[in-house]
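# Architecture and fold: a report
The primary structure of each chain is shown beneath.
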Amino acid sequence: MKSSVIIVGGGITGISTAENLRREGINVTLIDKIEPGDEKQTSYGNAGLLAISSIIPISSPNLWKKLPKYLFSSNSPVSIKWSYFPKLLKWLVPFMKNCSKEKFLSIVNSLNELTYDSVNQHKLLSKGTKAEKYIKTGDVKVLFKSKNDFLILEDEFNLRKKYGFNFFHLNRQEILINDPLISSNYNFALSFPNHGWLTSPSKYIKTLKDHFVDNGGKFLKDEVLNLEENFILTKDSGKLKADKIVVCAGVWSGKFLKKIDHFVNIESEKGYHIVLKNVNHMPPSPYMINDLKLAVTPMEKGLRFAGRVEFSGVDSSPSEEQFQIIRNGIRNIYPKLKWEGEEIWSGQRPSTTDSLPVLGESRKHQNLYFAFGGQHVGMTIGPKLGKITTDLIIGRKPNVSLSEFSHDRF
Ligand SMILES: Cc1cc2nc3c(=O)[nH]c(=O)nc-3n(C[C@H](O)[C@H](O)[C@H](O)COP(=O)(O)OP(=O)(O)OC[C@H]3O[C@@H](n4cnc5c(N)ncnc54)[C@H](O)[C@@H]3O)c2cc1C
C-alpha cells in the first residue's frame, strides 16, 4: 500500500512539499483552511522575487549602527507598535544576539544553501505544469541614491560576490536606458543577473495546486486544530490519520508546535504591498530600492511595490499609515507615473530569531516534520524546503546539513 502524508498549510512551502511527495508516488493530503493562493496567505502578496542572492540577514553586525534610524526615524523601513514591544522582547533579544560576526557568517552560509539554486528549483517544480508561465528570469537591480550609499554597504555586497552572485555597477545614464521614468533621486545601481521573479505569486500557487489535484493529490479545505503522532484533528472532518505529518503553516506554525510541547521562536514581520493597476509605464525587470527597502516588481495585475517591516503581533490589523508610507515611496521612485486604481494588501513574514527556517524531523515525536519560517525569502526557498522534506520522508539523504534548521535550536 502507498504510504500517506498529511501536509498542514498550502502556501508556497506546503504546495511545494505536497507536489514533490506526490511525484514520489505518495498518497498526499494537503489541508488548509483557505484556498491555496488566497489573499490571506503570505505567499499571495509578496514581491515575487526569486531572490537567489538574498543571503544577508537583517541581523548583521551593522544592525547596531542602523538601529537608532530603524527605531526612531520617520522614514524608517521598520516600525514597532509600542504597545506590543514588551511581548516582542522574547524574540527581539535573541534576534539581536545573532548580530555577532561569527553567527552572522554562519547564517549567511546556511541561507545560501537554500537560495543559490532556487530559480532552478522553481523551474523543476513547475515543469510540465501551467504554472511555468509565471516564472520570469533576468536582472534584478538595487537602486541607490548615490554611489556613496552603496559604498556604506559594500562589504555586504562583496560577501554576496564571494558566494558567486556577481553584479555590475550602473550609473544614472545606464539606469535610464531601460527605465527613463526613474526619478533623479536615484543615481547609482547594482544589476544582479540570473535572478527570477513571479508575475503572479497567487496564480502560480493556485495553478500548482490544480496540477497537484488533477494528478491524484487530495486537497481538503479545513482548519487543523491539533496534532498528534500520526493524527491531526480538524474542525470539520475530525481525526485524520497518516503515516507522516508535515507542518507548513507559515507564521501560524509556532502556535501548533506549542500545543505539542515544541518551542520555536517565531514572530510575524508584517509587510505591505500596493499594486498600481493600468500604469502608463512598466519597468522591464524588478528593483530593490535601497533607502526605502521597497521591492518594485512588474506583475500581471500591475506594478507591485512591496516591503515594510512592522512588529505588531500576528493578530493585529493592517495599519493605514504603512500604505501611506508606500504611497510616498512610489512618488519618490516614479514622480511621473500614472495609474488607474490600486490593490492594497498586508501579510506576515514567518521570521525566526536567526532568520533561518525550521526544517526537518521532530526530535520529540516520530513521523512529524516541519518546513516553515522562510522570513523574507520564503517564496524563493519554498520549493527547496519542499524538496528537502520530501527527501527526508522517502529516506533519501538531502544534500544540505540540517542541524542549523532544527526546531530545538531556540
Ligand atoms: C511584503 C512582503 C514581501 C515579500 N517578498 C518576498 C519576495 O520577494 N521573495 C521571497 O522569497 N519572499 C518574500 N516574502 C516572504 C514570503 O512571502 C513568505 O516567507 C512565504 O510566503 C511564506 O510561505 P509559507 O508557505 O511558509 O506561508 P503562507 O503562505 O502564509 O502559508 C501558510 C498557510 O498555512 C495555513 N494555515 C495556518 N494555520 C492553519 C490551520 N490551523 N489549519 C489549516 N491551515 C492553516 C494558512 O491558511 C496559510 O495558507 C515577502 C513577504 C512579505 C510580507
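As a reminder, the structure under discussion sits directly above these lines.
Presented here is an overview of the structure given in this document. Here the structure is a predicted model, which is why all the values come from computation and not from measurement. (Residues numbered from 1 in each chain as written. Predicted model: local features only at pLDDT ≥ 70, side-chain atom pairs only at ≥ 80, totals over all residues.)

### Brief notes about the packing of helix α6 (residues 118–126) against helix α13 (residues 378–394)
At a minimum axis separation of 8 Å, α6 and α13 run at an interaxial angle of 65 degrees. Judged by the angle between their axes, α6 and α13 are roughly perpendicular. Like other packed secondary-structure pairs, α6 and α13 cross with a definite hand, here left-handed. Packed against α6, whose contacting residues are Ser118, Gln121, His122 and Leu125, the element α13 presents Thr380, Ile381, Pro383, Lys384 and Lys387 at the interface. For the contact of α6 with α13, the residue count by class is 3 nonpolar, 4 polar and 2 charged. (Axes fitted to C-alpha atoms, helices over the stretch in contact; angles between N-to-C directions. Helix = DSSP H or I, 4+ residues; strand = E, 2+ residues; numbered from the N terminus. Parallel < 35°, antiparallel > 145°, perpendicular 65-115°, else oblique. Left-handed = near helix turned anticlockwise from the far one by under 90°. Contact = placed C-beta atoms within 7 Å. Nonpolar A, V, L, I, M, F, W, Y, C, P; charged D, E, K, R; others polar.)

### What about the environment of Pro36?
Considering the arrangement of structural elements, one finds Pro36 in the loop between β2 (27–32) and α2 (42–45). Owing to 28 C-beta atoms within 10 Å, Pro36 belongs among the buried residues under this scheme. Sequence separation between Pro36 and Ile15 is 21 residues, and the spatial gap between their C-alpha atoms is 7.9 Å. For Pro36, the residues in contact, after removing those within four places along its chain, are Gly10, Ile15, Ile205, Lys206 and Lys209. (Buried ≥ 20, exposed ≤ 12 C-beta atoms within 10 Å, placed from the backbone.)

### Let's talk about the site of the ligand
Not every one of the 43 residues close to the ligand is listed here, only the nearest: Gly9, Gly11, Gly250, Gly271 and Gly378. Put simply, the parts of the chain that give the shell around the ligand at least two residues each are α1 (12–23), β2, α2, β13 (266–276), β16 (303–311), β17 (342–352) and α13. With 4 residues, α13 is the largest single contributor of residues to the shell around the ligand. Tallied by class, residues from the shell around the ligand come to 18 nonpolar, 21 polar and 4 charged. (Near = placed C-beta within 6 Å.)

### As for the sheet that holds strand β18 (residues 358–361)
In spatial order, the strands read β8-β2-β1-β12-β19-β18; together these 6 strands make up an open sheet with mixed pairing. Looking at the sheet topology across the chains shown, the edges are occupied by β8 (218–221) and β18. Taking the axes of each pair of neighbouring strands and ignoring which way they run, one obtains an average angle of 20 degrees across the sheet. Summarising the sheet, strand β1 (residues 4–8) and β2 pair through 5 bridges and their orientation is parallel. (Pairing = 2+ DSSP bridges.)

### A closer look at the packing of α1 against helix α10 (residues 201–214)
In contact at an axis separation of 10 Å, α1 and α10 are set at 25 degrees when each is read in the N-to-C sense. Considering their axes alone, α1 and α10 lie roughly parallel with respect to each other. Judged by the twist between their axes, the crossing of α1 over α10 is left-handed. Of the residues in α10, those in contact with Ile12, Ile15, Ala18, Glu19 and Arg22 of α1 are Ile205, Leu208, Lys209 and Phe212.

### A look at the nonpolar core
One finds Ile7 and Val8 to be the most contacted residues of the largest nonpolar core, which totals 87 residues. No other element matches strand β7 (residues 188–198), which puts 6 residues into this core. Sequence-distant contacts of Val8, defined by excluding residues within four places in its chain, comprise Ile31, Val224, Ile232, Val247, Cys248 and Ala249. (Core = buried A, V, L, I, M, F, W, Y, C linked by C-beta atoms within 7 Å.)

### Points about α10
Under the 1.5 Å per step criterion, the end-to-end length of α10 is 20 Å for 14 residues, consistent within 8% with the ideal 20 Å. Taken residue by residue, α10 has Pro201, Ser202, Tyr204, Ile205, Lys206, Thr207, Leu208, Lys209 and Phe212 as its buried positions. Looking one or two residues past α10, Gly216 carries a phi angle of roughly 110 degrees, positive in sign. (Expected span 1.5 Å × (residues − 1).)

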